[in-house]
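Remarks on the overall topology
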Amino acid sequence: MKITAEEIARTSLRLLNEVGLDGLTMRLVARELGVQAPALYWHVKNKQELLDVMTGIVFAESTVGLELPGRGTPWDEWLADRFRLLRRTMLCYRDGARMMAGTHVTDPAIFRTTELALRTLGDAGFPLDVAARSLPTLLHYTIGFTIEEQARTGEAYGEAGNPYQEGLLAASLDPGRFPLTLRALHRLFDDDGDASFEYGLRIILDGMRALLKED
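Values in this document were obtained by computation on a predicted structure and should not be read as measured data. (Residues numbered from 1 in each chain as written. Predicted model: local features only at pLDDT ≥ 70, side-chain atom pairs only at ≥ 80, totals over all residues. Heavy atoms only, no water.)

Let us look at the overall build of the chain. For the chain, the count of helices and strands is 11 helices and 0 strands. Secondary structure elements in the chain, listed N-terminal to C-terminal, are α-α-α-α-α-α-α-α-α-α-α. A burial count over the chain gives 37% of its 215 residues as buried. Partitioning the intrachain contacts of the chain with sequence separation of at least 6 by distance along the chain shows that 71% fall at a separation of at least 24. When the accessible surface of the chain is split by element, carbon and sulfur atoms take 54% of a total near 12,700 Å². Mean positive and mean negative side-chain charge positions of the chain (24 and 31 charges, respectively) differ by 2 Å. (Helix = DSSP H or I, 4+ residues; strand = E, 2+ residues; numbered from the N terminus. Buried < 20%, exposed > 50% of the residue type's maximum accessible area, 1.4 Å probe, protein only. Contact = heavy atoms within 4.5 Å. Areas by Shrake-Rupley, 256 points an atom, 1.4 Å probe, with all protein chains shown as cover. Lys, Arg positive; Asp, Glu negative; His and termini not counted. Charge placed at Lys NZ, Arg CZ, Asp CG, Glu CD.)

Now the structure itself:
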């Protein structure tokens with residue numbers, strides 16, 4: 001049976017939803033493809049390289065149809081939409097954000113997206129150095145936020161239950177020592193993922209606007 005790196009990665013993404021990142025092994029992927037595990041190593045050297053290819057596919061899915069902002073579309077609105085879509089795409093896969101963290105992606109989609117984003121920020125007046133520092137900040141925030149978001153589903157805790165539930169957290173806190181923490185629990189561990197993500201995204205974009213005014 002002839003296989004390719006892309007076929008291996010797409011099979012792995014399907015398995016990811018079933019077994020999670022920790023359960024995904026080269027042996028399992030090989031069995032799913034009906035080959036012996038050594039056959040995979042002709043196409044991906046190890047699991048990390050497999051994750052790189054998987055991440056490239058997921059990132060490309062999040063940028064389908066991407067173009068420069070249309071006339072009248074503000075730079076910040078265009079940029080925010082890019083990272084909202086990346087988060088939604090990662091959420092389509094179990095452990096999708098943890099899979100993407102720390103990967104080395106060479107898929108052309110990521111370089112095209114970077115080029116369009118740098119051009120968009122340059123047209124808005126950002127110096128290239130500022131734009132180049134801002135994009136990783138947004139990327140790392142989006143991936144990190146989504147890692148936490150997916151971790152709080154409670155899947156990893158089994159019958160013990162999700163410890164992030166407000167009721168469980170409140171029961172573990174001494175109200176005499178931590179009164180402010182107790183009052184703020186519904187915000188500190190907000191289960192409204194969209195609203196929480198937008199809040200953090202707004203903080204970063206507001207900071208970028210402030211930098212733009214300084215320049």
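Let us now look at the pattern of salt bridges. For side chains of opposite charge, pairing can occur when their charged atoms come near one another. According to the stated counting rule, one finds 12 salt bridges in the structure shown. The shortest N-O distance in the salt bridge between Arg98 and Asp22 comes to 3.4 Å. Here Arg98 is found in helix 6 (residues 96-100), whereas its partner Asp22 is found in helix 1 (residues 5-23), with 76 residues between them in sequence. The exposure class assigned to Arg98 is partly exposed, which follows from its relative accessible area of 35%. We note a salt bridge from Glu148 to Arg152, for which the minimum N-O separation is 3.8 Å. Given the relative accessible area of 25%, Arg152 is considered partly exposed. Here the salt bridges share partners, and the residues they tie into one network are Asp22, Asp95 and Arg98. (Salt bridge = Lys/Arg side-chain N within 4 Å of Asp/Glu carboxyl O.)

A few words now on the packing of helix 8 (residues 128-151) against helix 11 (residues 193-214). A pair of packed helices is characterised by two quantities: the angle between their axes and the separation of those axes. In contact at an axis separation of 11 Å, helix 8 and helix 11 are set at 165° when each is read in the N-to-C sense. The angle between helix 8 and helix 11 falls in the class roughly antiparallel. For the pair helix 8 and helix 11, the sense of crossing is right-handed. The segment helix 8 lies against helix 11, with Val130, Ser134, Thr137, Leu138, Tyr141, Thr142, Phe145 and Glu149 engaging Gly193, Ser196, Phe197, Gly200, Leu201, Ile204, Met208 and Leu211. (Axes fitted to C-alpha atoms, helices over the stretch in contact; angles between N-to-C directions. Parallel < 35°, antiparallel > 145°, perpendicular 65-115°, else oblique. Left-handed = near helix turned anticlockwise from the far one by under 90°.)

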